[in-house]
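# Chain and residue survey
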Amino acid sequence: MNTYQQLQLDALGDATRRAIVEHLLRGPVSVGRLADEFPVSRPAISQHLRVLKQASLVTDQVLGTRRVYQLNPEGFETLRSYFDQFWSIALTAFQQKVEEQ
């Protein structure tokens, strides 16, 4: 695991940040609207989004007076490649076991 992947996993280690990511699966949303959906303050949501952005899991765009966040597919591709290695190992082990029988 590289440092970048560790940063991403650490970012997703928090339940609120995972919930924010799940919410962003539905599409881009402003900080204010996210804050309305969670039982934490707007500054707390902004801090969570900052951590997710530093981990390249979300991107943001300024639209007028609002900052809108969305998922960053490239960031999740890095995580996917990390987890794919486990699937490869598991499937290889399964194949070897089947071939033994």
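Residues numbered from 1 in each chain as written. Predicted model: local features only at pLDDT ≥ 70, side-chain atom pairs only at ≥ 80, totals over all residues. Heavy atoms only, no water.

Those residues of helix H1 (residues 3-11) that fall on the buried side of the exposure criterion are Gln5, Gln8 and Ala11. Projected down its long axis, H1 shows its buried positions confined to an angular sector of 120 degrees, all on one face. The inward-facing, buried residues of H1 abut helix H2 (15-24), helix H4 (42-54) and helix H5 (73-100). Two or three places before tyrosine 4, at the opening of H1, asparagine 2 has a side-chain oxygen 3.0 Å from that residue's backbone nitrogen. (Buried < 20%, exposed > 50% of the residue type's maximum accessible area, 1.4 Å probe, protein only. Helix = DSSP H or I, 4+ residues; strand = E, 2+ residues; numbered from the N terminus. Arc of directions from axis to C-beta. Contact = heavy atoms within 4.5 Å. Polar contact = N/O pair within 3.5 Å; in protein donor to acceptor, adjacent residues only side chain to side chain.)

Unlike most non-glycine residues, serine 56 shows phi in positive territory, near 60 degrees. Along the chain, serine 56 turns up in the loop between H4 and strand S2 (58-63).

With six bridges connecting them, S2 and strand S3 (residues 66-71) associate as antiparallel partners. Pairing of aspartate 60 across the sheet is with tyrosine 69, part of S3. In this antiparallel pair of consecutive strands, S2 and S3, the connection spans two residues, and glycine 64 shows a positive phi of 65 degrees. (Pairing = 2+ DSSP bridges.)

So, on to the packing of H1 against H5. Between H1 and H5, whose axes approach to 10 Å, the crossing angle comes to 100 degrees. With respect to H5, the element H1 is oriented roughly perpendicular. Residues Tyr4, Gln5, Gln8 and Leu9 of H1 pack against Gly75, Thr78, Leu79, Ser81, Tyr82 and Phe83 of H5. Of the residues assigned to the contact of H1 with H5, the class counts are five nonpolar, five polar and no charged. (Axes fitted to C-alpha atoms, helices over the stretch in contact; angles between N-to-C directions. Parallel < 35°, antiparallel > 145°, perpendicular 65-115°, else oblique. Nonpolar A, V, L, I, M, F, W, Y, C, P; charged D, E, K, R; others polar.)

Now for the pattern of salt bridges. Taken as a whole and judged by the stated rule, the model has three salt bridges. The closest approach of N and O atoms between arginine 67 and aspartate 60, which form a salt bridge, is 2.4 Å. With a closest N to O distance of 3.7 Å, arginine 80 and aspartate 84 form a salt bridge. Within this pair, arginine 80 and its partner aspartate 84 are both found in helix H5, separated by four residues, close to a single helical turn. Looking at aspartate 84, the relative accessible area reads 32%, which means it is partly exposed. One salt-bridge network, held together by shared partners, links Lys53, Asp60 and Arg67. (Salt bridge = Lys/Arg side-chain N within 4 Å of Asp/Glu carboxyl O.)

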